[in-house]
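Each chain, written out:
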Amino acid sequence: MGGGETMSDRMNESLIAAARDAAKTAYAPYSDYSVGAALRFADGAIVTGTNVENASYGLSLCAETLAVAKALAEGRRGGLEAVAVVGPADKGDGAPITPCGRCRQVLNEIAQLGATDPAILCVGAHEVLELRLSALLPHGFGPAHLD
Ligand code: THU
């Protein structure tokens, strides 16, 4: 761990690498905009997702949504600590990619189940914008409201 890099920096870098790797198998033939997402849990597990598009365009799923669905289907019900989202390097102006509104709500489901406020690492060409989910989705509605 040289150069002043902390354990948390290293964990974030490997989460971003997992998201970047996941993006390689994105199914995005219509937008040609491949996205990878990676979720890190308190036990150290990483669950990834990619966007999965559909010929009926509006049915397409985002990478973050797929990652959350996979995690829930694996039986995870909380412990979400961090999320990395990576888009294509050759599109847009290089600004960090931020989860869409629907994905913020989907992320909030698993976050609120485990009462965590995960860090969202939005990867850009020259910077990683790190925001708490609560900053992206203030006052989010979730499972706690239904208790
Ligand atoms: N997309 C994601 O997978 N995650 C985001 O955070 C933003 C957008 C996908 C949806 C669609 O397949 C493509 O990117 C272009 O919008």
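To be clear, the structure that these remarks concern was listed above.
Each value, and the rule that gives it
Residues numbered from 1 in each chain as written. Predicted model: local features only at pLDDT ≥ 70, side-chain atom pairs only at ≥ 80, totals over all residues. Heavy atoms only, no water. Helix = DSSP H or I, 4+ residues; strand = E, 2+ residues; numbered from the N terminus. Buried < 20%, exposed > 50% of the residue type's maximum accessible area, 1.4 Å probe, protein only. Areas by Shrake-Rupley, 256 points an atom, 1.4 Å probe, with all protein chains shown as cover. Lys, Arg positive; Asp, Glu negative; His and termini not counted. Charge placed at Lys NZ, Arg CZ, Asp CG, Glu CD. Pairing = 2+ DSSP bridges. Axes fitted to C-alpha atoms, helices over the stretch in contact; angles between N-to-C directions. Contact = heavy atoms within 4.5 Å. Core = buried A, V, L, I, M, F, W, Y, C linked by side-chain atoms within 4.5 Å.

## Focus on the overall build of the protein
In step 1: Looking only at helices and strands, the protein has four helices and five strands in total.
In step 2: Reading the secondary structure of the protein in the N-to-C direction produces α-β-β-α-β-α-β-β-α.
In step 3: Projected onto its principal axes, the C-alpha coordinates of the protein cover approximately 45 × 40 × 25 Å.
In step 4: Counting all 147 residues of the protein, 40% fall into the buried class.
In step 5: Per element, the accessible surface of the protein, about 7,800 Å² overall, is 54% carbon and sulfur.
In step 6: Distance between charge centroids for the protein: 3 Å, based on 11 positive and 17 negative side chains.

## Things to note about the sheet that holds strand 2 (residues 46-50)
In step 1: Judged by pairing direction, the sheet is mixed, and its five strands sit side by side in the order 2-1-3-4-5 without closing on themselves. On the outer flanks of this sheet lie strand 2 and strand 5 (128-132), each paired with one strand and no other. Each strand axis lies, on average, 15 degrees off the axis of its neighbour in the sheet, ignoring direction.
In step 2: Where strand 1 (residues 36-41) lies against strand 3 (residues 80-86), six bridges are found, and the strand directions are antiparallel. Among the inter-strand pairings, Arg40 is bridged to a residue of strand 3, identified as Ala82.
In step 3: Contacting strand 1, strand 2 and strand 3, helix 2 (residues 63-73) crosses the sheet at an angle of about 135 degrees to strand 2.
In step 4: Relative to the sheet, helix 3 (residues 101-113) contacts strand 1, strand 3 and strand 4 (119-123), its axis offset from that of strand 3 by approximately 160 degrees.

## Description of the environment of Ala69
In step 1: Position of Ala69 relative to the elements: it lies in helix 2.
In step 2: Expressed as a C-alpha distance, the spacing of Ala69 and Leu107, which sit 38 residues apart in the sequence, is 9.6 Å.

## Points about the side chain of Asn12
In step 1: Tracing the chain through its elements places Asn12 in helix 1 (residues 7-23).
In step 2: The residues touching Asn12, leaving out its near neighbours within four places in the chain, are Arg40, Leu121 and Glu130.

## Some thoughts on the environment of Val83
In step 1: Looking at the element boundaries, Val83 is found in strand 3.
In step 2: Look at Val83 and you get buried, because its relative accessible area is 0%.
In step 3: Placed 37 residues apart in sequence, Val83 and Ile46 show a C-alpha to C-alpha distance of 9.3 Å.
In step 4: Leave out the neighbours within four places in its chain, and Val83 touches Leu15, Ala38, Leu39, Leu107, Ala119, Ile120 and Leu121.

## A closer look at the nonpolar core
In step 1: In this structure, Leu39, Phe41, Leu80, Val83, Leu107 and Ile120 are the most contacted members of the largest nonpolar core, which totals 20 residues.
In step 2: Secondary-structure elements contributing two or more residues to this core are strand 1, helix 2, strand 3, helix 3, strand 4 and helix 4 (133-136).
In step 3: When sequence neighbours within four positions are dropped, the list of residues in contact with Phe41 reads Val47, Ala71, Arg76, Gly78, Gly79, Leu80, Glu81 and Ile110.
In step 4: Core analysis: the next-biggest nonpolar cluster, separate from the first, contains 10 residues, Ile16, Ala38, Ala82 and Val86 among them.

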